[in-house]
Amino acid sequence: MQPGISGQRQDWAESRPATRGLRHVGLILAWLLLWRLSTLMEIAPHASLWFPPAGLSFAAFLMLGRRAFPALMVCAIVATFWVDHLYATGLAWRELLYAGVLFGLAHCGSYALGAWGLKRLIRTRDVPSVPVVVPLFLLVGSLASLCATLTGIAALQTAGMLAGVAIRALWLPWWVGDMAGVLVLTPLFVGLLSWRYPDVEPWLGGLNFLPSAGGLCAFAGKLLISLTALSLIMLLDAHVHSPEVAFGVFFLIIPQMWIVYTEPPFRSALSIALFSILTALWVAALGLIEQSLTYQFALCVIAASGYFGFAVPSLLAQNRRLSERALHDELTGAANRGYFFDYAEEKLGETRRRDEPLSLAVLDLDYFKTINDTHGHDVGDRALIDLCMAMRPALGRDDLLGRFGGDEFLLLLPNRNAEQARQLVERLQQRIRDLPVAGMQHHLSATFGVVTLERHETLTQAFKRADARLLKAKQARPSVHSPVKGARSP
Ligand SMILES: Nc1nc2c(ncn2[C@@H]2O[C@H](COP(=O)(O)OP(=O)(O)OP(=O)(O)O)[C@@H](O)[C@H]2O)c(=O)[nH]1
């Protein structure tokens, strides 16, 4: 990951007490602000489409561990008194305090336990990756919100705050609302904090949440399409009051996934959050209470799919890296033996169909053992890398350089007849002779065995012929010449 935008990234745990105090005040203010916003988005007294503070609580426990407990307990108690202020529950302040403490214990206990469990599960992996972190987060986040719902209902019931409320009808919307808050907002909060606190990064499984400036207009366009489509569906739902229309919101997974697959993770998380906020605002403004469960499920499904989608670009990059490794020699980047002969078979078929020539060369570095023995294996490795780098620019688009093993390489030269192959080999020998290698005073040289495939010759037969020519050329070298003495091979 690159350094943070402020250039002052720090370890969250190792900050000064004053900074920690300010951070807790900030957490309390942010939580209460989110709580108030969720009450403004209420569709009925005490009923909101989602509960954004749950996302912040889960993120805070992930970041701060049990140190988040006091601040979040304060939030729960203040929110309980605020409920009384907004809805005039008629409870005495002692009863409200009791209710606030019980609710706080249920809420904080559930999310603290969830965050602790999630961190433990992620830390058991040596290198956490997005495909592992995302499903764990979705599973543990959903279970923690279910636990917060059941214990929260029990707490408020014990405190007498749910008198006359049908509990059976309450638990599902409460759970889905909390779950939407966690699934939608926790990754965004943790991602935002990762800008400054790099110790968060392992939980992101390699995701980079730093903001990027490029392609902002394209992102704004995609966002506009997604939010406009959402608004149209919800306005239509308000007009016709039909469940079929409300279910249409699930189709908006398409523009959201479009954003997830084509934009950086931070923009995707932001888009999922904006989508959820707008949904909650429309439900409240248009009074779509009958369809609220449909919209709640849509939020959860779209957010969960979106975060799963985060894994796709990282899986693609991982696949690319793996196939690179499977097909190429790690040291020199030349094709490995298996890939070289597969490609050679394919090209042989093509050139034979078109009646075109195909040449094959085997080459071996001269006195490589002496180079290793005199200058060390590091210099030997460098010589192999430089050899390949020197040859590549002279090769054509269809030519392929492969490593047979040790200091022996292969060249496949489609559409080159014997004369053209010979000319190319001369150019390559010159490039190798001109090549300075770091750590060595003398220059390299290589011996080639070149053949052009005959009409019915197989690749194995051609390779044997080229290898025999290489051996013959090696034997013909003057034996006194050695690079250590500064001499060059022909
Ligand atoms: N540095 C390095 N050395 C390697 C590698 N693979 C094989 N070798 C060494 O390459 C040398 C191969 O030497 P040969 O080709 O048998 O002998 P040579 O000195 O090149 O002799 P001629 O081919 O007759 O010029 C051995 O010393 C191997 O240990 C590698 O990846 N890196």
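- As annotated in an unreviewed UniProt entry, the protein chain carries the name diguanylate cyclase and comes from Modicisalibacter tunisiensis.
- Taken verbatim from the UniProt record of the protein chain, the Subcellular location (unreviewed entry) comment is "Cell membrane".
- In its Catalytic activity (unreviewed entry) section, UniProt records this for the protein chain: "2 GTP = 3',3'-c-di-GMP + 2 diphosphate".

Quick notes on the overall build of the protein chain
Right, on to step 1. Along the protein chain, the regular secondary structure elements total 17 helices and 6 strands.
Right, on to step 2. Counting the 490 residues in the protein chain, one finds 50% classified as buried.
Right, on to step 3. Summarising the internal contacts of the protein chain: among those between residues at least 6 apart in sequence, 74% fall at separations of at least 24.
Right, on to step 4. Working note: accessible area of the protein chain is about 23800 Å², and carbon and sulfur atoms make up 62% of it.

Looking at the site of the ligand
Right, on to step 1. Near the ligand lie 17 residues; those nearest to it are Tyr367, Lys369, Asn372, Asp381 and Lys474.
Right, on to step 2. In the model, an oxygen atom of the ligand is placed 2.9 Å from a nitrogen or oxygen of the phenylalanine 368 main chain.
Right, on to step 3. Arginine 403 is positioned such that a nitrogen or oxygen atom in its side chain is 2.8 Å from an oxygen atom of the ligand.
Right, on to step 4. Surface burial for the ligand is 66%, taken as the share of its 660 Å² of free accessible area covered by protein chains.
Right, on to step 5. Looking at the shell around the ligand element by element, the count peaks at 4 residues for helix α15 (residues 377-391).
Right, on to step 6. In terms of residue class, the shell around the ligand is made up of 5 nonpolar, 4 polar and 8 charged.

So, the state of the cysteines
Right, on to step 1. Tallied over the full model, the rule gives 0 disulfides.
Right, on to step 2. The cysteine cysteine 75 is free of any disulfide, with cysteine 108 supplying the nearest cysteine sulfur at 7.9 Å.

Considerations on α15
An α-helical turn contains 3.6 residues, so a residue and the one three or four places further along point in the same direction.
Right, on to step 1. With 15 residues, α15 ought to run about 21 Å at 1.5 Å a step, and its terminal C-alpha atoms sit 21 Å apart, in line with that.
Right, on to step 2. Next to the buried residues of α15 lie β3 (358-365), α14 (368-375), β4 (400-405), β5 (408-414), α16 (418-433) and β6 (446-452).

Describing the packing of helix α6 (residues 167-194) against helix α10 (residues 265-286)
Right, on to step 1. As a packed pair, α6 and α10 sit with axes 9 Å apart at the nearest point and diverge in direction by 140 degrees. In terms of their interaxial angle, α6 and α10 are classed as oblique. Our pair here, α6 against α10, has a crossing hand that is left-handed. Each of Val184, Leu185, Leu188 and Leu192 in α6 lies in contact with α10, whose residues at this interface are Phe266, Ala269, Leu270, Ile272, Ala273 and Ser276.

Here's the deal with a nonpolar patch on the surface
Right, on to step 1. Taken together, the side chains of Trp93, Leu97, Val101 and Leu105 make up a nonpolar region of the molecular surface, amounting to roughly 370 Å² of accessible area.
Right, on to step 2. Tracing the chain through its elements places valine 101 in helix α4 (residues 93-123).

Considering the environment of glycine 333
Right, on to step 1. You can see glycine 333 is positioned in the loop between α12 (311-327) and α13 (337-353).
Right, on to step 2. Once the C-alpha coordinates of glycine 333 and isoleucine 385 are considered, the two residues, 52 residues apart in sequence, prove to be 8.1 Å apart.
Right, on to step 3. Every residue in contact with glycine 333, bar those within four places of it in the chain, is listed here: His328 and Arg392.

Examining the pairing of β4
Right, on to step 1. Looking at chain direction, β4 and β5 are connected through 5 bridges and run antiparallel. Residue pairing in the sheet places glycine 405 in a bridge with glutamate 408 of β5.
Right, on to step 2. In sequence, β4 turns back onto β5 through a hairpin of 2 residues, with glycine 406 there showing a positive phi of about 55 degrees.

Some words on the packing of α6 against helix α11 (residues 292-309)
Angle between the axes and distance between the axes are the two parameters that describe a pair of packed helices.
Right, on to step 1. At their nearest, the axes of α6 and α11 sit 9 Å apart, and the two run at 30 degrees to each other. Overall, the two elements α6 and α11 adopt an arrangement that is roughly parallel. Where α6 crosses over α11, the handedness of that crossing is left-handed. Residue-level contacts link Leu172, Pro173, Val176, Gly177, Met179, Ala180, Leu183, Val184, Pro187 and Leu188 of α6 to Leu293, Gln296, Phe297, Leu299, Cys300, Ala303, Ala304 and Tyr307 of α11.

Focus: the packing of aromatic side chains
Right, on to step 1. A full pass over the atoms with the stated rule returns 12 aromatic pairs.
Right, on to step 2. Taking the centre distance of 6.4 Å and the plane angle of 90 degrees together, the rings of phenylalanine 137 and tyrosine 307 count as edge-to-face. One end of the pair, phenylalanine 137, is in helix α5 (residues 130-158); the other, tyrosine 307, is in helix α11, with 170 residues separating them in the sequence. With respect to class, phenylalanine 137 is no different from tyrosine 307; both count as buried.
Right, on to step 3. Look at phenylalanine 247 and phenylalanine 250: their rings are 6.1 Å apart centre to centre, the planes differ by 20 degrees, and that puts the pair in the stacked class.
Right, on to step 4. The exposure class of phenylalanine 250 is partly exposed, given its relative accessible area of 26%.
Right, on to step 5. These aromatic residues form a ring-pair network of at least three members: Phe58, Tyr111, Phe137 and Tyr307.
Right, on to step 6. Sitting above the plane of the tryptophan 258 ring, lysine 222 keeps its charged end 5.5 Å from the centroid.
Right, on to step 7. The cationic tip of arginine 337 hangs over the ring face of phenylalanine 404; the distance from NZ or CZ to the ring centre is 4.0 Å.

Observations regarding the sheet that holds β6
Right, on to step 1. In spatial order, the strands read β4-β5-β3-β6; together these 4 strands make up an open sheet with antiparallel pairing. With one partner strand each, in any of the chains shown, β4 and β6 form the two edges of the open sheet. Pairwise comparison of adjacent strand axes, ignoring direction, gives a mean angle of 20 degrees for this sheet.
Right, on to step 2. Bridge count between β3 and β6: 7 bridges; the pairing is antiparallel.

What to know about the confidence of the model for the protein chain
Right, on to step 1. Taken over all residues, the pLDDT of the protein chain has a mean of 86, while the share at 70 or more is 90%.
Right, on to step 2. Mean pLDDT across the secondary structure elements of the protein chain bottoms out at strand β1 (residues 42-44), with 71, and peaks at β5, with 97.
Right, on to step 3. Counted against residues more than four places away or in other chains, residues 1-9, with its pLDDT under 50, gives 23 contacts.
Right, on to step 4. Within the model, pLDDT remains below 50 along residues 483-490, and this stretch shows 20 contacts once partners closer than five positions in the same chain are excluded.

Regarding the pattern of salt bridges
Right, on to step 1. Enumeration over the complete set of coordinates arrives at 17 salt bridges.
Right, on to step 2. Between lysine 347 and aspartate 398 there is a salt bridge; the shortest N-O distance is 4.0 Å. One end of the pair, lysine 347, is in helix α13; the other, aspartate 398, is in the loop between α15 and β4, with 51 residues separating them in the sequence.
Right, on to step 3. Judged by its relative accessible area of 9%, lysine 347 is buried.
Right, on to step 4. On the basis of relative accessibility, which here comes to 27%, the residue aspartate 398 falls in the partly exposed class.
Right, on to step 5. Close ionic contact of aspartate 366 with lysine 474 constitutes a salt bridge, the shortest N to O distance being 3.2 Å. Of this pair, aspartate 366 sits in the loop between β3 and α14 while lysine 474 is found in helix α17 (residues 459-475), placing the two residues 108 residues apart along the sequence. Comparing aspartate 366 with lysine 474 shows no difference in burial state: the two are buried.
Right, on to step 6. Through salt bridges with shared partners, a single network forms among Lys347, Glu350, Arg354, Glu356 and Asp398.

Conventions used here
- Residues numbered from 1 in each chain as written.
- Predicted model: local features only at pLDDT ≥ 70, side-chain atom pairs only at ≥ 80, totals over all residues.
- Heavy atoms only, no water.
- UniProt positions renumbered as here; feature names shortened; annotations may be inferred.
- Helix = DSSP H or I, 4+ residues; strand = E, 2+ residues; numbered from the N terminus.
- Buried < 20%, exposed > 50% of the residue type's maximum accessible area, 1.4 Å probe, protein only.
- Contact = heavy atoms within 4.5 Å.
- Areas by Shrake-Rupley, 256 points an atom, 1.4 Å probe, with all protein chains shown as cover.
- Near = heavy atom within 4 Å.
- Polar contact = N/O pair within 3.5 Å; in protein donor to acceptor, adjacent residues only side chain to side chain.
- Nonpolar A, V, L, I, M, F, W, Y, C, P; charged D, E, K, R; others polar.
- Disulfide = S-S within 2.5 Å.
- Expected span 1.5 Å × (residues − 1).
- Axes fitted to C-alpha atoms, helices over the stretch in contact; angles between N-to-C directions.
- Parallel < 35°, antiparallel > 145°, perpendicular 65-115°, else oblique.
- Left-handed = near helix turned anticlockwise from the far one by under 90°.
- Patch = residues over 30% accessible without salt bridge, like charges linked within 9 Å, V, L, I, M, F, W, Y side chains within 5 Å.
- Salt bridge = Lys/Arg side-chain N within 4 Å of Asp/Glu carboxyl O.
- Pairing = 2+ DSSP bridges.
- Phe/Tyr/Trp six-rings, centres within 6.5 Å; stacked < 30°, edge-to-face > 60°.
- Lys NZ or Arg CZ within 6 Å of the ring centre and 35° of its normal.
- pLDDT = per-residue confidence, 0-100.

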